[in-house]
Each structure stands twice: as C-alpha cells, then as structure tokens.
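What follows is the residue order along each chain.
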Amino acid sequence: MTVMSAPPGIDVERLAAVSRLLVDSGRVVPGMDVDAAGRARSRWWPLPAVGDRDVLASLVPDDTFEGHAGAAAALADAVDGEVRRRLADASVELLARRSGRVGRQTVPQAWLVSLIAPDPYLAASLPPSRVAAFAAALDRWLASGAASLGRARLCLRVHEPVIDVGAEVGAAVDVTGIEADERWAVEILVQDADEPSLLLPVADLWAGAVPFATGAIEDVLTGLGRLTRVAPELASLLDEAAPTEVLLDTATLLDLVRDRTEALADIGVALLLPSWWARRGRLGLRARTSSTSVSTPGVVTEAGFGLDELVAFTWEAALGGEPLTDAELSELERAAAAKQQLVRIRGEWAEVDPTEVAAILSRAGQRGRATAAQLLRAGLGLDTLDAPPGARVDVVATGWLGDLLGDAVHATVTPVGPVPGFVGELRPYQQRGVGWLSFLGRLGLGACLADDMGLGKTAQLIATVLNDAVPGPTLVVSPVSVLGNWARELERFAPSLSVMVHHGAGRLRGDGGDGETDRGDGGDGETDRGGGGGFVAVAGAHDVVLTTYSLVARDVEHLAAVPWARVVLDEAQQVKNPGTAQAKAVAQLRAPRRVALTGTPVENRLAELWSLMQVLNPGLLGTMSSFRTRFARPIEQDHDDAATATLKRITGPFVLRRLKSDRSIIDDLPDKVEQTEHCPLTREQATLYQAVVDELLAAAEATDGIARQGSILAGITRLKQVCNHPAHLLGDGSVLANRSGKLNRVEELLDEIVDAGDKALLFTQYAEWGERLVPHLTRRYGAPPLWLHGGVRRARRDEMVAAFGEPGGPQLFLLSLKAGGTGLNLTAASHVIHLDRWWNPAVEDQATDRAYRIGQRRTVLVHKLVSTGTIEERIDEVITSKRALAQRVVGTGERWVTQLSTDELRAVVSLRRTETA
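Remember, it's a predicted structure, so these values are computed and weren't measured experimentally. (Residues numbered from 1 in each chain as written. Predicted model: local features only at pLDDT ≥ 70, side-chain atom pairs only at ≥ 80, totals over all residues. Heavy atoms only, no water.)

K.L.:
Which parts of the structure should I look at to understand the overall build of the protein chain?
P.N.:
Within the protein chain one finds 34 helices and 32 strands. Counting all 917 residues of the protein chain, 50% fall into the buried class. On the protein chain, roughly 40,800 Å² of surface is accessible, and the fraction owed to carbon and sulfur atoms is 52%. (Helix = DSSP H or I, 4+ residues; strand = E, 2+ residues; numbered from the N terminus. Buried < 20%, exposed > 50% of the residue type's maximum accessible area, 1.4 Å probe, protein only. Areas by Shrake-Rupley, 256 points an atom, 1.4 Å probe, with all protein chains shown as cover.)

K.L.:
It is not clear to me how helix 24 (residues 683-702) should be interpreted in this structure. Could you clarify?
P.N.:
Three or four residues apart is the spacing at which side chains of an α-helix point the same way, because the helix has 3.6 residues per turn. The terminal C-alpha atoms of helix 24, which comprises 20 residues, lie 29 Å apart, in line with the 28 Å expected from a rise of 1.5 Å per residue. Taken residue by residue, helix 24 has Gln685, Ala686, Leu688, Tyr689, Val692, Val693, Leu696, Leu697 and Ala700 as its buried positions. Buried residues in helix 24, looked at end-on, bunch into an arc of 165°, giving them a common side. With respect to the buried face of helix 24, the exposed residues turned more than 90 degrees away are Arg683, Thr687, Glu701 and Ala702. (Expected span 1.5 Å × (residues − 1). Arc of directions from axis to C-beta.)

K.L.:
In this structure, what is going on with the packing of helix 22 (residues 624-638) against helix 23 (residues 641-651)? I would like to understand it.
P.N.:
Between two packed helices, the angle of one axis relative to the other and the distance separating the axes together describe the packing. At a closest axis distance of 9 Å, the pairing of helix 22 and helix 23 adopts a crossing angle of 125°. Put simply, helix 22 runs oblique to helix 23. In this structure, helix 22 meets helix 23 at a crossing whose hand is left-handed. Contact with helix 22, carried on its side by Phe627, Arg630, Phe631, Pro634 and Ile635, involves Ala643, Thr644, Thr646, Leu647 and Ile650 of helix 23 and no other residues of that element. Residues that form the contact of helix 22 with helix 23 fall into these classes: seven nonpolar, two polar and one charged. (Axes fitted to C-alpha atoms, helices over the stretch in contact; angles between N-to-C directions. Parallel < 35°, antiparallel > 145°, perpendicular 65-115°, else oblique. Left-handed = near helix turned anticlockwise from the far one by under 90°. Contact = heavy atoms within 4.5 Å. Nonpolar A, V, L, I, M, F, W, Y, C, P; charged D, E, K, R; others polar.)

K.L.:
What is the right way to look at the pattern of salt bridges in this model?
P.N.:
If the charged atoms of two oppositely charged side chains come close together, the side chains can form a pair. For the structure shown, the criterion picks out 30 salt bridges. With its nearest N and O atoms 3.1 Å apart, the salt bridge here joins Asp89 to Arg85. Residue Asp89 and its partner Arg85 are both found in helix 3 (residues 65-89); the two are separated by four residues, about one turn of the helix. A residue is classified by how much of its surface remains accessible, and Asp89, at 57% relative accessible area, is exposed. When its relative accessible area of 34% is taken as the criterion, Arg85 is described as partly exposed. (Salt bridge = Lys/Arg side-chain N within 4 Å of Asp/Glu carboxyl O.)

K.L.:
Help me out: how do you make sense of the sheet that holds strand 28 (residues 760-764) in this one?
P.N.:
Across a sheet, paired strands are connected by hydrogen bonds in the backbone, their directions being either parallel or antiparallel. The strand order 27-32-31-28-30-29 describes an open sheet built from six strands, whose pairing is parallel. The outermost strands of the open sheet, each flanked by one partner alone, are strand 27 (672-679) and strand 29 (786-788). Taken over all neighbouring pairs, the strand axes of this sheet differ in orientation by 20° on average, direction set aside. When strand 27 meets strand 32 (residues 860-867), the two strands line up parallel, connected through eight bridges. (Pairing = 2+ DSSP bridges.)

K.L.:
When you look at the pairing of strand 24 (residues 566-570) in this model, what are you seeing that I'm missing?
P.N.:
With five of five residues buried, strand 24 lies mostly within the body of the structure. Across the two faces of strand 24 the burial is the same, with Arg566, Val568 and Asp570 and Val567 and Leu569 all buried. Alignment of strand 19 (residues 474-478) against strand 24, held across four bridges, turns out to be parallel. When the bridges of strand 24 are listed, Val476 appears paired with Val568. In this structure, strand 24 lies alongside strand 25 (residues 593-597), joined through five bridges in parallel fashion. When the sheet's bridge partners are listed, Val568 is paired in strand 25 with Val595. Between the parallel elements strand 24 and strand 25, the chain passes through helix 20 (residues 581-587) in a crossover that is right-handed. (Right-handed = clockwise from strand over helix to strand, strands pointing away.)

K.L.:
Help me understand helix 1 (residues 12-24), please; the structure alone is not making it clear to me.
P.N.:
For helix 1, spanning 13 residues, the distance from its first C-alpha to its last is 18 Å, which sits close to the expected 18 Å at 1.5 Å a residue. Those residues of helix 1 not exposed but buried are Leu15, Val18, Ser19, Leu22 and Val23. Down the axis of helix 1, the smallest arc covering the buried residues is 135°, so these residues share one side. With respect to the buried face of helix 1, the exposed residues turned more than 90 degrees away are Glu13, Leu21 and Asp24. Two residues or fewer after helix 1 comes Gly26, characterised by a positive phi angle close to 75°.

K.L.:
Is there a simple way to think about the packing of aromatic side chains in this case?
P.N.:
Aromatic ring pairs are defined here through the distance separating the ring centres and the angle between the ring planes. Under the defined criterion, the tally for this structure stands at five aromatic pairs. Note on Trp111 and Phe134: the rings are 5.4 Å apart at their centroids and 65° apart in plane angle, and the pair reads as edge-to-face. One end of the pair, Trp111, is in helix 4 (residues 107-114); the other, Phe134, is in helix 5 (residues 128-143), and 23 residues separate them in sequence. For the pair Trp111 and Phe134, a shared accessibility class is recorded, and that class is buried. (Phe/Tyr/Trp six-rings, centres within 6.5 Å; stacked < 30°, edge-to-face > 60°.)

K.L.:
What is the right way to look at the confidence of the model for the protein chain in this model?
P.N.:
Fine structural detail should not be taken from predicted coordinates in areas where pLDDT scores are low. For the protein chain, per-residue confidence averages 79 on the pLDDT scale, and residues scoring 70 or more make up 80% of the total. A low-confidence stretch, residues 165-175 (pLDDT under 50), is modelled with 16 contacts involving residues beyond four sequence positions or located in other chains. Considering only residues more than four positions removed or in separate chains, one finds that residues 292-304, a stretch of pLDDT under 50, has 24 contacts. (pLDDT = per-residue confidence, 0-100.)

K.L.:
Looking at this structure, I do not really get the nonpolar core. What am I missing?
P.N.:
When a protein is soluble and globular, its nonpolar side chains tend to lie buried together. With 121 residues, the main nonpolar core has Leu385, Leu546 and Trp564 as its most contacted residues. When residues of this core are assigned to their parent elements, the largest contribution, seven residues, is made by helix 21 (residues 607-616). Of all hydrophobic cores here, the second largest spans 31 residues; its members include Leu156, Trp184, Trp277 and Leu342. (Core = buried A, V, L, I, M, F, W, Y, C linked by side-chain atoms within 4.5 Å.)

K.L.:
Looking at this model, I keep getting lost on the environment of Ala287. Mind explaining?
P.N.:
Relative to the helices and strands, Ala287 resides in strand 9 (residues 281-290). For Ala287, a relative accessible area of 0% puts it in the buried group. When the C-alpha atoms of Ala287 and Trp315 are compared, they prove to be 4.8 Å apart, with 28 residues separating the residues in sequence. Setting aside chain neighbours within four positions, we find Ala287 in contact with Phe313, Thr314, Trp315, Leu375, Leu385, Asp394, Val395 and Val396.

K.L.:
Where do I start with unusual backbone geometry in this structure?
P.N.:
Note on backbone geometry: most residues besides glycine have negative phi, and most peptide bonds are trans. For Leu385, which is not glycine, the phi torsion reads 55° and is therefore positive. Along the chain, Leu385 falls in the loop between helix 11 (372-379) and strand 17 (392-398). Its identity is not glycine, yet Asp386 carries a phi of approximately 65°, on the positive side. Following the sequence through the fold, Asp386 ends up in the loop between helix 11 and strand 17. A residue is classified by how much of its surface remains accessible, and Asp386, at 65% relative accessible area, is exposed.

K.L.:
For this particular structure, what's the right way to read the packing of helix 9 (residues 326-337) against helix 10 (residues 354-363)?
P.N.:
Contact geometry for helix 9 and helix 10: axes closest at 9 Å, N-to-C directions at 150°. Between helix 9 and helix 10, the angle is such that the two are roughly antiparallel. Relative to helix 10, helix 9 is oriented so that their crossing is left-handed. For the pair helix 9 and helix 10, the contacting residues are Leu329, Leu332, Glu333 and Ala336 in the first and Pro354, Val357 and Leu361 in the second. Its residues assigned to classes, the contact of helix 9 with helix 10 comprises six nonpolar, no polar and one charged.

K.L.:
Help me understand the side chain of Ser867, please; the structure alone is not making it clear to me.
P.N.:
Tracing the chain through its elements places Ser867 in strand 32. Residue classification places Ser867 among the buried residues on the basis of a relative accessible area of 1%. Only 3.5 Å separates the side chain of Ser867 from the backbone oxygen of Cys723, close enough to count as a polar contact. Residues contacting Ser867, with those up to four places away along its chain left out, are Cys679, Leu681, Cys723, Lys742, Glu872 and Glu873. (Polar contact = N/O pair within 3.5 Å; in protein donor to acceptor, adjacent residues only side chain to side chain.)

K.L.:
I tried to follow the state of the cysteines on my own but got confused; where do I start?
P.N.:
Among covalent bonds in proteins, the disulfide is the one between the sulfur atoms of two cysteines. Throughout the structure, instances matching the rule amount to zero disulfides. Cys679 supplies the cysteine sulfur nearest to Cys723, a cysteine that is in no disulfide, at a spacing of 9.9 Å. (Disulfide = S-S within 2.5 Å.)

K.L.:
Teacher, can you tell me more about the environment of Ala607 here?
P.N.:
Assignment of secondary structure puts Ala607 in helix 21. Distance in space between the C-alpha atoms of Ala607 and Lys576 is 7.6 Å, their sequence separation being 31 residues. If near-sequence neighbours (up to four positions away) are discounted, Ala607 is found in contact with Lys576, Met624 and Phe627.

This is the structure:
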C-alpha cells in the first residue's frame, strides 16, 4: 500500500484524525486521475462539505492559498490510504472471482481491482484511449450529483405519525412517545423551478394533472435515482412504478434528517420538516447559581469578586433550558428504556438518548463549583463544566453574574451623579461610563473603555478614580507622547490627587537611592525625595503614578512589587502583541481593578482582542489556539455571522464603545468632512515610478521566501516615496518646488488655510520627508511649522502642543504618524492633511481625531492625498474596504502584498495610464 508522508507544516496527528472521521462518516467516493507521467491510478477522494475550509485551515499554520492547497492534497492522500487499509483488513473484494481461464482485464475491471490493491496504478499496457474514456465517464458520474436540474424539482415532506394525545389531557405528566411500530410518512412533492411556490404531490404528475412542461416525468425519474443514491434510506421508492411516499421508522428518519439533508440539498432536493422540528428541545443540564446580590441596579454590596472567583452551583435536568420535574424525568427514563428516540414533553418534541438520560439523571441535584469565567463561558456555549460528553449545558444566574450572562451590564449600571473632587462637568454618556467602570471595578473584573477617539476617556478614568476610591495607588501606563497630557488632565480635573511621574533618568528605583520626579503640581519637573523611602513606599504614598510602556518593561521588577489598587493601560493597543516585552511586563502587574483605554480594540487582527482580554480578564477567551480556531479564522476569513455574534456576546459586558457619529451620545460636536485629493504625477515622478516598478518586479521574479518579501516591501516604500516627491526617493537635497503633483496640491491647500487664519495638521509616515518639508514650508510661509517626530523629547513635545493651542501660535503642525498620531489634543486645527496613506484605517482615523474631538467647535476638513494611477490608489481602495468591516476585522499592514504572485503584484504596483501634471 502506498503511504504518503505529510508535507512540512502539516499537523500529522490531526490529518490522521480528520481522514478517519471522513471515512467513518462515509464521505468518500472512488475516482481516478492521471499523473504528470500519464500513468492512471485509482483514488478514494474525500467528498466536499460545508466547513471543509476550516478543516484545511486547522491542518496548517500557514493560512494561505498555498497552505490550503497543500493541506487538501495531504488530506486526499491520507483518506486514500485509510480506505485502502480498511478494505485490506476486511479482505473486501470489489470484483467477483471467476473460475477457469481469465482473459486480459478491461479498464473498469482493472480500476475496481486497483481500488483495493496496495499498488493504486492501473497496468500501463491498457489502451490509453480506453483509459481516458473511462476516466471521463467517471468524472461525469462524480459530477452527476451536481448536474444541471430540469424544470421539475423534487421535494420531500415529512409527516409525523398520528398519536393519541387524548391520554395527555388532565395527566399529571405530559410525556408521550412514538411507539416502535409507528411510521413517519415521507411524501414526494414536485416543485416548479421557475415558480418555487408551486409545490404539488407527485401523484398528480403521474396522473397527468400537473401543469409542467414536457419532460417533467423524465426530470422526476432522474431526480428519484439521484436522491436514492444520496439517501439509501429512500431506496424502496424505486420498487414502485409510480412512487408517492415512503414510510420510515423513527431511527431511520433521524438518520435521514441528520446525515442526508445537506447531501440532498446539493442535488436540488429540499427536505421539508414539520414546523416544530426546528423548535424541538434537547435534554441537557442547567447550572443554577446565585452570585453577588445587587441592592440597587449597578451598585454591588460585596466587593472583591472576579472571573477567577469560585462560585457554587446546582445541576438541574432541563429541556430547552427549562428545568424538568422529577415525575417528568421518570417518564423520560421509561421512554429511553423503551428505545423511543423522539418524545413529546409539554407539547414540544425532544430527542432522547438512553445514555444521555442516565448521565443527566445521575447529575441532577448535585452541587458543583466553578470559576465565574467558566460559568460565563458555559453560558455562551464555550465550556461544559465537566458535564457528560455531548450533553447540552445552560447556565442561569442572578446578581452580577446574571447581568453579565444576560448582556445587560450597560443597561443596569446607574450613571453617577456629581463626583466629589472632580472639577468639571461630565456629559451623560461619560456619567454612564464612570458608573460602568466603577461597577466592574468593584467586582474585580477588567474593563475596556473603547469610546471613539476624542470622547473623553481620560476624564472618565479620572472621575472613576475619585468615584471608586480604594486604598492604594492607581498606575497609569501610557505612550511617552501623552505622559504630559495625563499630568495636565489630572491637575485640571482632580487637583486633590497626588501624582507621581515615574519617568526620566532621575526616576526613583527600588532601593530609594535616587530621586523621583513628582508632577503633582502639574508637571514642572520638581524633584521630591519622598522622605527617603524606596520605590514601593513612595509610589504607595501617591494617588496616581504615571509611567510609560517602555519603562514598564525596563522597571517591571520595581513596579510589580507595588500593591496597585488599579492598573490603567492608555492607548492599550500597545499590548496587542502578547509576545512583546512590554505586554509580558504588563501581565506581571497585579491589581484588583484593571482598565484598558483604547479607541481601537481591534486595530489589525482579532488576535489583538484576545491579547487585550487576556490582560484584563485572563482565561475569558480561552487559549490563543482555541480562540484562533473558534473565532479568528471564521470571522476574518469567512465573515461568519454566528461566530461574530458569539464573540460580541462574550466580550460585550467588558467592552464599552460609543461613537462620535451617534448624536444620542454627543450632539454638539461639529461635522467632519473627508475628501480624497487625487494628485497627478509630474513627468519626472512618472519616469521614476516606472523605473522602480521595473526593478521591483525583476527582484520579485528572481528571489523567493524572506528575500522576496523584503525586496517587495522595500520596493513599495520607494514607490510611495516617489509619490511624495522625487527628492524624497533620491535623498539628494535638491529643491522641492514644482516637481511633485502632490506637493503642488499641498501648497494650494495651505495657501488658502494660512490666508484664512486657520490651522492645519499635516501627517506623514516618513520622518525624513518631514525633515525636508520644514525648510520648504518655512521659506514659503515665512514661519517654521512645528515638527513633531520620535526624536522630540517629552518636555519639548508638551511645549509644541501648548504653543499650537494659543490663538496666535503657529498655524502649521507637521507630525510623524507614529509619534503624533495618538494621545494629543490639537483642537486648534480645523484642517487635517494626510500627506501619504497607511494601509490601516484605524491609524489614519486616530491621527485625524487629534483635531476632531471634544473641544472642537468648527467643522474639521480632512484632506487625503493620493497620487493618481499609482499604488496609492490601491491603498485607498484597501482602506475603504477595511473601514466597512472595521467592527469585525481589519487586515495586517503591507505584508499581504508580499504574498502575491508576480502577475498579481504587477497589477497592484504598475502605473496606470493617466495625465501627468
């Protein structure tokens, strides 16, 4: 027997398990193919079905087209080997032995023999023309299940047995079964393909009373042959000259419905079931528990609970989530003993499995313990709480756990009133946000405040620190770019709070030997020795400690030693990759209250949401591997609505997101007008662009693997540099004027903005381009623009932000996308110009919202510059499509381009015909 080894990267154990499952379920079919050398061989092929894409994706870590193709080939080989092994073990013979002298085998005979032979190849001496003809006939036979159908289509309607329900009336227990000798009638109907609502008994067709076109009888006979091949349970239909129905016992009917519905649909035969079928209940277990009591909505009377808290529960036998009485269970046990597989209880039908009934009865009334996270997952169908295999598990809870299970947290949490110590006025949605953060905080549950950028997440967190006051300091971790903003906002909204900034070379270390910088006065840099104590003591003496993500990774030993009351992650997308040093360091910080602030909980892929939830509520979404299989792949690849809904149900209680576009949230924010500015290339740019394209395609053709990916990414960067300006690509320090269609448009825009006395933000992803623009814009407008990039120190950054906000301050603020795209409040600007485009719409939106946020009083005009006919137009298309799916998933940067074939890459980067400037 030929045994194929799995290609590199294939999960061999899972491959074997899947192949056995396919063979066990009969999802195989014999066939034949011809290899590259022209040799014919028999094959046992796996039959396709819904969900096979997920199966193939689970076999390989490389979830690409090539990966799926390799998995499909490996699975086909594994199935072929598994069938041959079983046939050999069972000594099966597909061709009857003949006595006496036997002549040379025909092609069909050789094929049948090869299907069970160790060597799958047919003899090379067989006539090639006959082999080819037989292979074509096999292909037609395999395709017959999906062949084009005639006008007359078949439908099967199931009728339940007529049972005596009179005995149920007035009975103490409403349980009725179907006796062993009672049958289900499966009626044959004919449907008009052109008028699907026209559905008539096939008996009318045999009687000539159906208004179908000529050939309807032939269509029906063909359909009968096809459906009996797909569903052998219906084979008796072919025993009659004019069949109209077939009678099935309950077990056979269940097999038909469970195993054949999809196959019948594939050949155009619908199976019509009684209306109650979709509602039929399923026997299972229900875990009943009572969590922390809530005296008034949103106010928890006992604190300290969390998802790792053990909760006691009681098992109850249930049908469709509703508990059953002891008398009903006794009747179900009797029905199971009588091998009745369908039982009507309280007027509803349920499937009964004797093994399940026994297991469920043994658990009913028992008590158990599980963590709140396990109960939450069980309530969402993701955990079984050690219930018997296959048993349905429901959860019913009261109190805060019931609120979470019912997805009613946002509705039950009471908005806070005036917060003592908070200087300012909270908007209604902010009052609800503070109440929600306080509610989950008192339960020890992590919360992600994911309000749209500019809706005041910082103010809500500061109010929460005051409203939900607990012993111990709050640690706020943020990017360095917004550290000064936090100090200013704390001084503005909560001057009573003492604030320590753990940052800079003079920051306090664990031994207390160095000083620490105290920003409690608003951030003037005054040094306070904190009474000579160590870091733990000094930090514990403050209400709020501010630090950065880079310092958390560097000083994790000292920070992890502090008993924090609350840990806050600002711009929490910084921990989207669980493998980074800063994400690992954050995970070491212990606090009963954990809050993430981010306007983009999913910035690039769903794995980031898992990472964020793992920091806030460890274990809620299971392991990364199970999350990828259960949610990430179905949602990202197939846009699976069911998986999306389940994920939203799980994370919904812990993620609060409000949008600026919702006028019920905020009605005094002005409009935002976005427009794409299409800029033609100059002749110089077009020439350079084509030269780079030629080099890029040549390099892509000549290399492979990592080298190819690197050359493509480098080439894309050079193309985008050409779109900005020839001098950006060449780096030769040459003059900028009149050489770039995009820069010409920028100058036109800025001329109007400056003349009108307005202010503008200009974003670029390239620091070297910003360096070139500063002197050019200085000469043109007589004053240097502010220029913020990654090399600017925090003190200078804060000075720039303050200067731009002054009425007479600079009108132009040039920012690198990475350094200035998050955390800054720049509402003095009423124009935002994106000089070059990034693939991720969330990054671009974050940058825009430096100006479009609370405090903005004027309409914000957003200008997105795109070089016509270039890769930037393709980027614009990608951004548009991603934004439409932003609530579900967005792709991953530029790396997808490196996976394209050379022809596909040529279509993306090639210069399309357009006029030049």
